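A structural walkthrough
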Amino acid sequence: MTSVLCLTLRFLDPVPQFHGRGPDDNPEWPPSPLRLFQALVSASARRWSEQQFAEIATPALQWLERIQPSIVTPAFQHERFGYRTYVPNNSGDLMTAAWARGDTESSMAKYRVEKDVRPTNLLEETIRFLFPFEEGICQYFDVIQAAARSVTHLGWGIDMVAGNAELLSSTEVAQLNGEVWHPSEGSRTTSLRVPIDGTLAALNAKHRAFLERIGPDGFKPVPPLSKFRIMGYRRAMEPARRQFAAFTILKPDASGMKSFDPIRRTRDIAGMLRHAVAEVAHNQGWSDERINVFVHGKVPDGSQPSNGSISPDRFQYLPLPTINYALKRVEAIRRVLIAAPAHCSKEAKWALQAMAGTELVHHNNVAGLMTILPTSDAVLRQYTDEARTWSTVTPVILPGYDDPDHLRRKLKDVRDAETQKRYLARLDSRLDSLLRKAFRQAGYAEDLMTQTELECRNVGFHSGVDLASRYLPPENLNQSPRYHVKIRFPFPIRGPIVVGSGRFRGFGLFARLDES
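This text gives an overview of the structure that appears in the document. (Residues numbered from 1 in each chain as written. Predicted model: local features only at pLDDT ≥ 70, side-chain atom pairs only at ≥ 80, totals over all residues. Heavy atoms only, no water.)

On to the sheet that holds strand β14 (residues 243-250), then. Taken together, five strands build an open sheet; the order of strands is β15-β16-β14-β18-β17 and the sheet is antiparallel. The two strands at the open ends of the sheet, each matched to only one other strand, are β15 (316-324) and β17 (359-362). Strand-to-strand, the axes of this sheet are offset by a mean angle of 40 degrees, without reference to chain direction. Here β14 runs beside strand β16 (residues 329-340); their pairing, made up of six bridges, is antiparallel. When the sheet's bridge partners are listed, A245 is paired in β16 with I338. Across the face of the sheet, helix α7 (residues 262-283) comes into contact with β14, β15, β16, β17 and β18 (365-372) while running at roughly 25 degrees to β16. (Pairing = 2+ DSSP bridges. Helix = DSSP H or I, 4+ residues; strand = E, 2+ residues; numbered from the N terminus. Axes fitted to C-alpha atoms, helices over the stretch in contact; angles between N-to-C directions. Contact = heavy atoms within 4.5 Å.)

Applying the stated criterion to the full structure yields twelve aromatic pairs. With 6.0 Å between their ring centres and 45 degrees between their planes, W63 and Y140 make a pair best called tilted. In this pair, W63 sits in helix α2 (residues 50-64) while Y140 sits in the loop between β7 (126-132) and α4 (141-148), placing the two residues 77 residues apart along the sequence. Under the relative-accessibility criterion, W63 is labelled buried at 16%. Here W286 and W350 contribute two aromatic rings whose centre-to-centre distance is 4.6 Å and whose plane-to-plane angle is 40 degrees, an arrangement assigned as tilted. In this pair, W286 sits in the loop between α7 and α8 (288-295) while W350 sits in helix α9 (residues 345-354), placing the two residues 64 residues apart along the sequence. Like W286, the residue W350 is buried in the burial classification. The ring of W156 has K115 lying over it, and the distance from NZ or CZ to the ring centre is 4.3 Å. (Phe/Tyr/Trp six-rings, centres within 6.5 Å; stacked < 30°, edge-to-face > 60°. Buried < 20%, exposed > 50% of the residue type's maximum accessible area, 1.4 Å probe, protein only. Lys NZ or Arg CZ within 6 Å of the ring centre and 35° of its normal.)

Further remarks concern the state of the cysteines. In this structure the tally under the stated criterion is zero disulfides. Free cysteine: C6, not disulfide-bonded; nearest cysteine sulfur from C138 at 12 Å. C6 gets classed as buried once you look at its relative accessible area, which sits at 0%. (Disulfide = S-S within 2.5 Å.)

We now examine the packing of helix α1 (residues 33-47) against α2. The N-to-C vectors of α1 and α2 enclose an angle of 170 degrees; their axes lie 11 Å apart at closest approach. Classified by the interaxial angle, the pair formed by α1 and α2 is roughly antiparallel. Counting all contacts with α1, which are made through F37, L40, V41, S44 and A45, the residues of α2 involved are F53, A57, L61 and L64. Of the residues that constitute the contact of α1 with α2, the class distribution is eight nonpolar, one polar and no charged. (Parallel < 35°, antiparallel > 145°, perpendicular 65-115°, else oblique. Nonpolar A, V, L, I, M, F, W, Y, C, P; charged D, E, K, R; others polar.)

Here the focus is the side chain of Q316. Within the secondary structure, Q316 is located in strand β15. A relative accessible area of 2% means that Q316 is categorised as buried. A distance of 2.6 Å separates the side chain of Q316 from the side chain of R242, its partner in a polar contact. For Q316, the side chain forms a polar contact with the main-chain oxygen of R503, separated by 3.1 Å. Setting aside residues up to four positions removed in sequence, Q316 forms contacts with R242, L337, I338, A339, V498, R503 and F504. (Polar contact = N/O pair within 3.5 Å; in protein donor to acceptor, adjacent residues only side chain to side chain.)

Bringing the pairing of β18 into the picture now. Direction of pairing for β14 relative to β18: antiparallel, over a ladder of four bridges. Within β18, the residue paired with I249 across the bridge is M370. Where β17 meets β18, four bridges bridge the pair, whose relative direction is antiparallel. Bridging across to β18, E359 finds its partner in L369. Counted along the chain from β17 to the antiparallel partner β18, the turn is two residues long, and its residue H363 has a positive phi close to 50 degrees.

Under the 1.5 Å per step criterion, the end-to-end length of α7 is 30 Å for 22 residues, consistent within 8% with the ideal 32 Å. Along α7, the residues classified as buried are P262, I263, T266, I269, A270, M272, L273, A276, V277, A278, V280 and A281. At the N-terminal end of α7, a side-chain oxygen is found 3.2 Å from the backbone nitrogen of I263, two or three residues along, and the residue is D261. Count one or two residues on from α7 and you reach G285, which has phi positive near 95 degrees. (Expected span 1.5 Å × (residues − 1).)

For the rest of this paragraph, the subject is the side chain of R335. Within the secondary structure, R335 sits in strand β16. At 3.1 Å, the side chain of R335 forms a polar contact with the side chain of D377. The residues contacting R335, other than those within four sequence positions of it, are F247, T248, I249, M257, L318, P319, L320, T322, L373, D377 and V379.

A few words now on the pattern of salt bridges. As enumerated under the stated definition, the model contains 22 salt bridges in all. Salt-bridge contacts for D116 lead to R84; the nearest nitrogen and oxygen are separated by 2.7 Å. Here D116 is found in strand β5 (residues 113-117), whereas its partner R84 is found in strand β4 (residues 83-87), with 32 residues between them in sequence. Owing to a relative accessible area of 46%, R84 belongs among the partly exposed residues under this scheme. In this structure, the salt-bridge partner of R440 is E446, at a minimum N-O distance of 3.5 Å. Classification of E446 as partly exposed rests on a relative accessible area of 42%. (Salt bridge = Lys/Arg side-chain N within 4 Å of Asp/Glu carboxyl O.)

Structure (structure tokens):
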């Protein structure tokens, strides 16, 4: 059963490039649905007369402008190398005026202006926009297909394309090659312009304003298009960004920031924070079942921890070691983060409002006072901004034993080089599989993990980070192996990133790593 209208645009350049830019003048990727819609409107206006456009194309375009499509794009080369060129800038009248004055030496080259070009270099030539529909029949398919086949450009004038439209089943959609981007309300990573109800009318009005820009009263500027919406798009394999509430830890008398040793006190601060959240939640009327599940990470009756094969809906308590940006060094803990799954924005907002001013108590003594931390904080952004390369500031506690066959002990007695090599390869394979399992448990897709580069060791990758073996883990994980990890994703990922068996208590926390 067909369920998706697929509009395909194939770049005709043998070396496919896309030059379109977003509202901020930066390269736009993927091409926005509004850009496609404008191309369809332009193609329809060229294909049909004014009356035919009103009778044939308008109903189809009005139907299309109400649907937010998914986008299937080819991979692109992340490193963009721009260049500057000099082009005419509608200055032919200046040149002819100079000729009229007798300046026959004047040429167009004198009036060229600089133009920076930053193309997106594509590894393949096809982009697809997928419009789902529920009725099972796309009543405007013939019209939209004709319009799509009349599209000649997408982006700049040099971005020539050939368009088409077809109906696909969900099985055929699943077999398409490329990166899939879905509209995403809650976890925006890439902002794109999309048409809304009334965009077609606004484009028609703008076209009329352009035709009438010069009249008896002189020149009237053409207003920019304002009838559209900015929507977040996220790759299908990209993890949804976790919600969070950030706080600074002050001294009990609020005279300054309170510092804690990340090696010995990470687990203590996470415990104090969890206790404080449970107490505030109880005072504000949360049920015991909800506190057991969402705050403590246990089964509803609180008798035992919930089975965490995948991340359940619950808070994570993340002490944040300070990252001294000037010295590029990890220092003491002075901030904390309460994180929640992407769809739990309500709980994260509650934490932000309810926990401000709360005391952290350790052995009946007030250890610190929490105050709201702005999201613009430079240290916080080391954990929550986007980056391709991240490394741990607290070690990842593996979700399993890394040497179940006691190969390290056997290696001490092995003298054969081939056997040693085979044992070491098995250890590396086991360690890699456990690390990838830790990311999958934290919600990272299998397709994404197959494209990432992982590296782990006992020594940290950030300056100031101690050996992984020296960190005091939660007591129930004291025998679990732990490592510092560096990961490089195929595209920028937003934080916070925290994985491993200690991910709910501050272990396995990643910060951005500057590779320059």
